[in-house]
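Okay, here's what each chain looks like letter by letter:
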Amino acid sequence: MKVSVVIPCYNSQATIRKEVEMIMAEFEKIEGYTCEFVLVNDYSGDDTYGEIRKLGKLYPEVKGVNLLRNFGQHNALMAAMHYTDGDYILGMDDDLQTHPSQISKLVKKMEEGYDLVYGCYPHRKNSPLKNFSSLLNKVSSRILLGRPKNIVSSNFWIITRQVRDEVIKYNGYNPYVDAIFYRTTHNIGNVEVEHFKREVGTSNYTLKKLIRLWLAYWNYSVIPLRISSVLGGISATGGFLAAVIIVIKKMIEPTVTVGWASTISIMVVFFGLVLMILGIIGEYLGKIILIMNNTPQFIVRETINIGEEEQDS
């Protein structure tokens, strides 16, 4: 069985060689398995691609993909999956937090017949911002993406070739690989793995990038539109009831003066709600326009150890 290890690389010059060689050493311990690598340089600011080029010369099983600009982690993962040959595809980060020593746990769990296995972390070693975004992801993915209730997702996963073949059919400009996994299969397993600290630097995810990643959920769900419809119905009902109460109160007590402050407050609330709903609709329309304009999911500048047949596929 061959396992294709896909790693999106961004400013990982100091860690990528160590990670690749540790993964190779780990697979030598797992009987019956070999590995290959697809390393995607997502327009790093350092010499990450230079390191990938050196690894490609040393090890024929290391494939390199250099993107024309920075597209983001999930776009880089999609690019990597287009060049995999393995029976299983293993997704990892480039910072050694998804540690090579834990790979065997995912592989053994896949042997139970799952299409997808996530490594889940009993104890995370992330920044407070990243931990908060993980909590938000846990709640949102259940509501918006249809994640199975008993499954915990992470950035350490392994899928079958069949799932990979379905995933790469998606050509939207703003992919979220977990959402594509969920709509492909619900035969998903979890296995506990240890979460390691970053060896070098800090997380590349800023608040802006985390928000952009969360908005990618909307590509796979109409729940926000349904929520806006419900809020609109609630506000309309509330406005109608308020009007009835005012009329009745005026009939009972004709001398009562209706206050401007309460009127303005109600108008501000309702107008704010209308603008929020218009914003949600605008977000969907914007995504549709970008898709219709064929905004690219990724653009490859050059590759390493990838033949013409693989590039065409």
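For the structure itself, look to the data block above.
Residues numbered from 1 in each chain as written. Predicted model: local features only at pLDDT ≥ 70, side-chain atom pairs only at ≥ 80, totals over all residues. Heavy atoms only, no water.

Caption draft 1: The pairing of strand S4 (residues 88-91), seen in detail. Side chains Tyr-88 and Leu-90 project from S4 onto one buried face, and the interleaved Ile-89 and Gly-91 project onto a second face that is buried too. Bridge count for strand S1 (residues 2-9) against S4 is four bridges, and the pairing is parallel. Across the sheet, residue Val-5 finds its bridge partner in S4, namely Leu-90. (Buried < 20%, exposed > 50% of the residue type's maximum accessible area, 1.4 Å probe, protein only. Helix = DSSP H or I, 4+ residues; strand = E, 2+ residues; numbered from the N terminus. Pairing = 2+ DSSP bridges.)

Caption draft 2: Seen up close, the pattern of salt bridges. Taken as a whole, this structure holds eleven salt bridges when the rule is applied. Of the charged contacts, one joins Glu-36 and Lys-63 as a salt bridge, the two residues approaching to 3.3 Å between their closest N and O atoms. In this pair, Glu-36 sits in strand S2 (residues 34-41) while Lys-63 sits in strand S3 (residues 62-67), placing the two residues 27 residues apart along the sequence. Exposure class is identical for Glu-36 and Lys-63. Each is buried. (Salt bridge = Lys/Arg side-chain N within 4 Å of Asp/Glu carboxyl O.)

Caption draft 3: How the structure looks around helix H9 (residues 223-252). The terminal C-alpha atoms of H9, which comprises 30 residues, lie 43 Å apart, in line with the 44 Å expected from a rise of 1.5 Å per residue. Taken together, the buried positions of H9 are Pro-224, Ser-228 and Ser-235. (Expected span 1.5 Å × (residues − 1).)

Caption draft 4: Examining the nonpolar core more closely. Core analysis: the largest hydrophobic core is formed by 35 residues, its most contacted members being Val-40, Leu-67, Met-81, Tyr-118, Trp-157, Ile-159 and Phe-181. The leading source of residues in this core is helix H3 (residues 73-81), at six residues. In this structure, Leu-67 is in contact with Val-40, Asn-41, Asp-42, Tyr-43, Ala-76, Ala-79, Phe-298, Ile-299, Val-300 and Arg-301, ignoring residues within four places of it in sequence. Ranked by size, the runner-up nonpolar core spans 32 residues in total, among them Phe-37, Met-110, Tyr-121 and Ile-158. (Core = buried A, V, L, I, M, F, W, Y, C linked by side-chain atoms within 4.5 Å. Contact = heavy atoms within 4.5 Å.)

Caption draft 5: Structural view of the packing of aromatic side chains. One pass over the structure, following the stated rule, counts three aromatic pairs. With a centroid separation of 6.5 Å and an interplanar angle of 25°, the aromatic rings of Tyr-33 and Tyr-88 are classed as stacked. Of this pair, Tyr-33 sits in the loop between helix H1 (16-29) and S2 while Tyr-88 sits in strand S4, placing them 55 residues apart in sequence. With relative accessibility at 10%, the residue Tyr-33 sits in the buried group. Here the aromatic rings of Trp-157 and Phe-181 are separated by 5.0 Å at their centres, their planes lie at 75°, and the arrangement is edge-to-face. Taken as a pair, Trp-157 in strand S6 (residues 157-160) and Phe-181 in helix H7 (residues 177-184) lie far apart in primary sequence, 24 residues in all. Of the two residues, Trp-157 and Phe-181, neither departs from the other in class, the shared state being buried. In this structure, Arg-69 packs its charged tip against the face of Phe-71, placed 3.9 Å from the ring centre. (Phe/Tyr/Trp six-rings, centres within 6.5 Å; stacked < 30°, edge-to-face > 60°. Lys NZ or Arg CZ within 6 Å of the ring centre and 35° of its normal.)

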